[in-house]
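Now for the letters of each chain:
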Amino acid sequence: MNQHAGNRLLLSGVVLETPAPSHTSHGEVFCKTLLEVPRLSGVRDVLPVVMRQGLAQAQRMDAGAWWRVEGELRSYLQPPQYQPRLLVSGYIRTCMPLEAPCMDNEVTLRGQLYRAPVYRTTPLAREICDIMLAVPRAHGQLDVIPCIAWGAQARSVCTMQKGEPLGVQGRFQSRRYVKEMPAGSVERTAYEVSIMHILP
């Protein structure tokens, strides 16, 4: 894993498209691709990942190949000329090709609650708690990562307050949903951490 103990990501999956330049930050070019990561249930999460252009050129991640990537989760607010929205992706620090399919999807985060959790129940009476976790990054930056807890984990965090420390382990997942807009319904994809364990 990477050196940032408070933000660790491990994924194994199929590269869906050859990494292509997506943006420049501090004079450095970054590339983006999509990684299809299977779950035990058979569902496949399609997850955005970014990396430095130098890493992408050195590793040659061809579409259709299986790769294991390690790094951290990053977030940023979509530019103001678009609909304001928090975008989350994996940031790759190291990667390696795989000879056989694998099902790695592990996230460890330690930070503080960005705001108070939101507790709710589904129509089938399942308990859910929506969490926004602020995870510190180098140079005073923060990554705000959406997380979702279920059942006992939801009950254990629902009374916490903004600013309280929290550590979680889970998986990085994609979820399709429909958002009602003035011009009509729009289908979107949310990226979040599904919490499996609350850390001491």
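Parameters at a glance
Residues numbered from 1 in each chain as written. Predicted model: local features only at pLDDT ≥ 70, side-chain atom pairs only at ≥ 80, totals over all residues. Heavy atoms only, no water. Helix = DSSP H or I, 4+ residues; strand = E, 2+ residues; numbered from the N terminus. Buried < 20%, exposed > 50% of the residue type's maximum accessible area, 1.4 Å probe, protein only. Contact = heavy atoms within 4.5 Å. Pairing = 2+ DSSP bridges. Core = buried A, V, L, I, M, F, W, Y, C linked by side-chain atoms within 4.5 Å. Polar contact = N/O pair within 3.5 Å; in protein donor to acceptor, adjacent residues only side chain to side chain.

Student: So what exactly am I meant to see when it comes to the environment of Pro21 here?
Tutor: When you line up the elements, Pro21 lands in strand E2 (residues 20–25). When its relative accessible area of 58% is taken as the criterion, Pro21 is described as exposed. In contact with Pro21, not counting residues within four places along its chain, are Val29, Phe30, Cys31 and Gln53.

Student: Any chance you could explain the environment of Cys102 here in plain terms?
Tutor: Within the secondary structure, Cys102 sits in the loop between strand E6 (86–97) and strand E7 (105–113). On the basis of relative accessibility, which here comes to 21%, the residue Cys102 falls in the partly exposed class. The spatial distance from the C-alpha of Cys102 to the C-alpha of Ala190 is 24 Å, given a sequence separation of 88 residues. With near-sequence residues (within four places) excluded, Cys102 lies in contact with Ser12, Pro38, Trp66 and Arg68.

Student: What exactly am I supposed to notice about the pairing of strand E9 (residues 127–136) here?
Tutor: The side chains of a regular strand alternate, residue by residue, between the two faces of the sheet. In terms of burial, E9 is a largely internal element, 7 of the 10 residues being buried. As judged from the 2 bridges shared by E7 and E9, these two strands associate in the antiparallel manner. If you follow Leu113 over to E9, its bridge partner there is Leu133. Across 4 bridges, the pairing between strand E8 (residues 118–121) and E9 is antiparallel. Looking at the pairing, Arg120 lines up with Ile128 of E9. Between E8 and E9, which pair antiparallel and follow one another directly, the connecting turn spans 5 residues, one of which, Ala125, has a positive phi of 70°. Pairing analysis gives 9 bridges linking E9 to strand E10 (residues 142–150), with the strands arranged antiparallel.

Student: Would you mind showing me how to read the nonpolar core here?
Tutor: Most often, soluble globular proteins have nonpolar side chains that are buried together. If you look at the biggest cluster of nonpolar residues, it comprises 36 residues, and the most contacted ones within it are Leu11, Leu109 and Ile131. Sort the elements by how many residues they give to this core and E9 lands first, with 4 residues. When near neighbours in sequence (up to four residues on either side) are disregarded, Ile131 contacts Leu113, Pro117, Ile145, Pro146, Cys147, Ala149, Val157, Leu166 and Ile195.

Student: How do you make sense of the pairing of E2 when you look at a structure like this?
Tutor: Two elements, E2 and strand E3 (residues 28–38), share 5 bridges in a ladder whose sense is antiparallel. Across the sheet, the residue bridging to His23 is Phe30, located in E3. Connecting the antiparallel pair E2 and E3 is a turn made up of 2 residues, with His26 showing a positive phi of about 55°.

Student: Quick question: what am I supposed to make of the side chain of Asp143 here?
Tutor: In this structure, Asp143 sits in strand E10. Sequence-distant contacts of Asp143, defined by excluding residues within four places in its chain, comprise Asn7, Leu73, Arg74, Ser75, Leu133, Ala134, Val135 and Arg137.

Student: When you look at the side chain of Asp104 in this model, what are you seeing that I'm missing?
Tutor: Counting through the fold element by element, Asp104 comes out in the loop between E6 and E7. Here the side chain of Asp104 touches Ser12 through a polar contact of 2.7 Å, side chain to side chain. In terms of polar contacts, Asp104 uses its side chain to reach the side chain of Arg68, at 2.9 Å. Residues in contact with Asp104, not counting those within four places in the same chain, are Leu10, Leu11, Ser12, Val37 and Arg68.

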